2 protein chains.
Amino acid sequence: MERTIGIVGLGLIGGSMAVDLRARGYASRLIGTDRNPLNAEAACRLGLVDRVAPLEECIKESDIMIVSVPVSAAAEIVQKVLDAFKDNAFTEKIVMDVCSTKAQIAERLKYHPCRKRYVASHPMAGTEHNGPWAAQPGLFDGRACIIADADESDSSAVRSVEELYRVLNMRIVHMTSASHDVHTAYVSHLSHVSSFALALTVLDKEKDEKHIFDLASGGFSSTVRLAKSNADMWVPIFTQNRENLLRVIDTYIDKIKDFREAVADYDEARLRALIDEANRIKKIIR
Amino acid sequence: MERTIGIVGLGLIGGSMAVDLRARGYASRLIGTDRNPLNAEAACRLGLVDRVAPLEECIKESDIMIVSVPVSAAAEIVQKVLDAFKDNAFTEKIVMDVCSTKAQIAERLKYHPCRKRYVASHPMAGTEHNGPWAAQPGLFDGRACIIADADESDSSAVRSVEELYRVLNMRIVHMTSASHDVHTAYVSHLSHVSSFALALTVLDKEKDEKHIFDLASGGFSSTVRLAKSNADMWVPIFTQNRENLLRVIDTYIDKIKDFREAVADYDEARLRALIDEANRIKKIIR
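None of the values given here were measured: they were computed from a predicted structure.

### Looking at helix α4 (residues 71-87) of chain B
In an α-helix, one full turn covers 3.6 residues, which means residues spaced three or four apart are oriented alike.
Residue and element names in this part refer to chain B.
Move 1: For α4, with 17 residues, the first-to-last C-alpha span of 25 Å sits near the 24 Å given by 1.5 Å per residue.
Move 2: Among all positions of α4, only Val-71, Ala-74, Ala-75, Ile-77, Val-78, Val-81, Leu-82 and Phe-85 are buried.
Move 3: At the exit of α4 stands Ala-89, carrying a positive phi of roughly 50 degrees.

What follows is the structure, encoded as structure tokens:
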């Protein structure tokens, strides 16, 4: 089957999807667009897309449009795409986003006359790197992909998007956009806050002690890895998921304070109980 | 050269040292002891040591004694070993520890008549697993090893211990035990607190939401990895390094609160500045 995929935002996620959708025979043609001309050019040279074209042309030529830009820009672009679907009576085309927050964008598109041709999704995979150079094959293999508010979309559109994610070897999980934002605050957004704060704490100290990083162990590298993630992506995620994130940060601060208090009191029994409880994560995360 | 190494505590660190010291021809014979008979038996069966013997016998037969037990037990064992050196006039033997905190043990052994035959060290390597089954070759390769208070030890003893760590392919860094404890509070102990607290936060939520872990991404797995670390090891580290750790936790809570405030205020400029600053970690950690 001949299938053209259009990708708006040729970074880590869009680029990695392109790599596998082509390699696994799902996309016969890939067209892309990126507001940053350097990224667009690199994406072509790297062979992620066959060519770069303006948004309107991408929409016209593509069967499925993937919007993989920071969450601050995604809603507007998806809306533009849906507008074009409406103006051109493109009743078979589909647009999907891959954003890390889902409720705000859902709200904005709720009453669009072509809402049913939009499928909200979030493939939960990534690295701390960004840009088309960071694209890699197999990025999504075995990871979870959330499809949000599926009943707001045409079931045929949902089926097509599910098929696309199955080609990427993802486990599909359905939930509402509101649930999505609660869950990701816990399992993704908080990890980033904790890692950024860890980096800032150690960097603060490093101002006086130039050699502190000589000593960075594997454990530190692992907990601080996400602190390499970039602001373009994470600033809008944090503000768009404000309410959930604030609640989760407050719980996290309470847990840190539990440790602080137990250490301050030399309360070894309490420390042991906290660590034993935290160790339960072993049963859950491989 | 025939060299017998005695290991007290046949867990991840002692066991991994045994593997490489034998494989790389440094130790011709390895004797071990462990207060847990299951560990001792497993260490024999796994071939980490040639045999298990009581502490006194280990001391008599070994050229170098490695004490690799939790920090709560280490000072007493090193003291026993030094007592035996004194009672038997073992002037050539060496005892070294591998503990993650150094100031308390240094304080306790300060005036021991055989203090100079003790070398305080901390090979900064490990995994979140424990026990002899967790021992692995190459664990120390390329990592930093701190030797603390070297001028309190005979220079010949320090040279021997440095040689041993070079066989393990470690970069040797010298500092005082007080500096060591400050530095490790930043680059190791805080990472563990942040990771334990992250696990507790998410586990709390999971009581209501059974499926939250379906969504755990690679980022979460990486930041929560250290939360699998065990209480036997970490409770005494946290209490022995109490003052440094409290100071570091307080800075960390301040940084988390900086994020919280910026999110609460929708202050995107502030969030961007915090993340950009945290990103400086990229220049420092590979």
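### Brief notes about the relation of the copies chain B and chain A
Move 1: Mapping chain B onto chain A calls for a screw motion: a turn of 180 degrees about the axis and a shift of 0.0 Å along it, with 0.0 Å RMSD after fitting. Put plainly, the chains are arranged around a two-fold axis. When C-alpha distances to the rotation axis are compared across chain B, the minimum falls at B:Thr223, with a value of 2.1 Å.
Move 2: Mapped onto chain A, 99% of the interface residues of chain B again fall at the interface, so both copies present the same surface.

### Some points on the interface of chain B and chain A
Move 1: If you look at the interface, chain B gives 78 residues, while chain A gives 78 residues.
Move 2: Of the residues forming the side of chain B that touches chain A, the biggest block, 19 residues, is contributed by helix α7 (residues 177-206) of chain B.
Move 3: Looking at the side of chain B that touches chain A, its residues break down into 46 nonpolar, 17 polar and 15 charged.

### Quick notes on the domain arrangement of chain A
Residues and elements named next belong to chain A.
Move 1: Looking at the assigned domains, one finds that chain A contains domain 1 (4-175) and domain 2 (180-283).
Move 2: Inter-centroid distance (C-alpha atoms) of domain 1 to domain 2 is 31 Å.
Move 3: In this assembly, 14 residues from domain 1 lie in contact with 15 residues from domain 2.
Move 4: Secondary-structure elements contributing two or more residues to the side of domain 1 that touches domain 2 are α4 (71-87), α5 (103-109) and β7 (144-148).
Move 5: Classifying every residue of the side of domain 1 that touches domain 2 by side-chain character gives six nonpolar, six polar and two charged.

### Things to note about the sheet that holds strand β1 (residues 4-8) of chain B
All names here are of chain B.
Move 1: Within the open sheet, the eight strands sit side by side as β3-β2-β1-β4-β5-β6-β7-β8. Their pairing is mixed. Each edge of the open sheet is held by one strand with a lone partner, namely β3 (51-52) and β8 (171-175).
Move 2: As judged from the five bridges shared by β1 and strand β2 (residues 29-33), these two strands associate in the parallel manner. In the sheet register, Gly-6 faces β2, and the bridge partner there is Ile-31.
Move 3: Along the sheet face, α4 touches β1, β4 (64-67), β5 (94-97) and β6 (118-123) and points at about 175 degrees away from the line of β5.

Parameters at a glance
Residues numbered from 1 in each chain as written. Chains lettered and ligands numbered in written order. Predicted model: local features only at pLDDT ≥ 70, side-chain atom pairs only at ≥ 80, totals over all residues. Helix = DSSP H or I, 4+ residues; strand = E, 2+ residues; numbered from the N terminus. Expected span 1.5 Å × (residues − 1). Buried ≥ 20, exposed ≤ 12 C-beta atoms within 10 Å, placed from the backbone. Least-squares fit on C-alpha atoms with pLDDT ≥ 70 in both. Contact = placed C-beta atoms within 7 Å. Nonpolar A, V, L, I, M, F, W, Y, C, P; charged D, E, K, R; others polar. Domains from an automatic or database assignment. Pairing = 2+ DSSP bridges. Axes fitted to C-alpha atoms, helices over the stretch in contact; angles between N-to-C directions.

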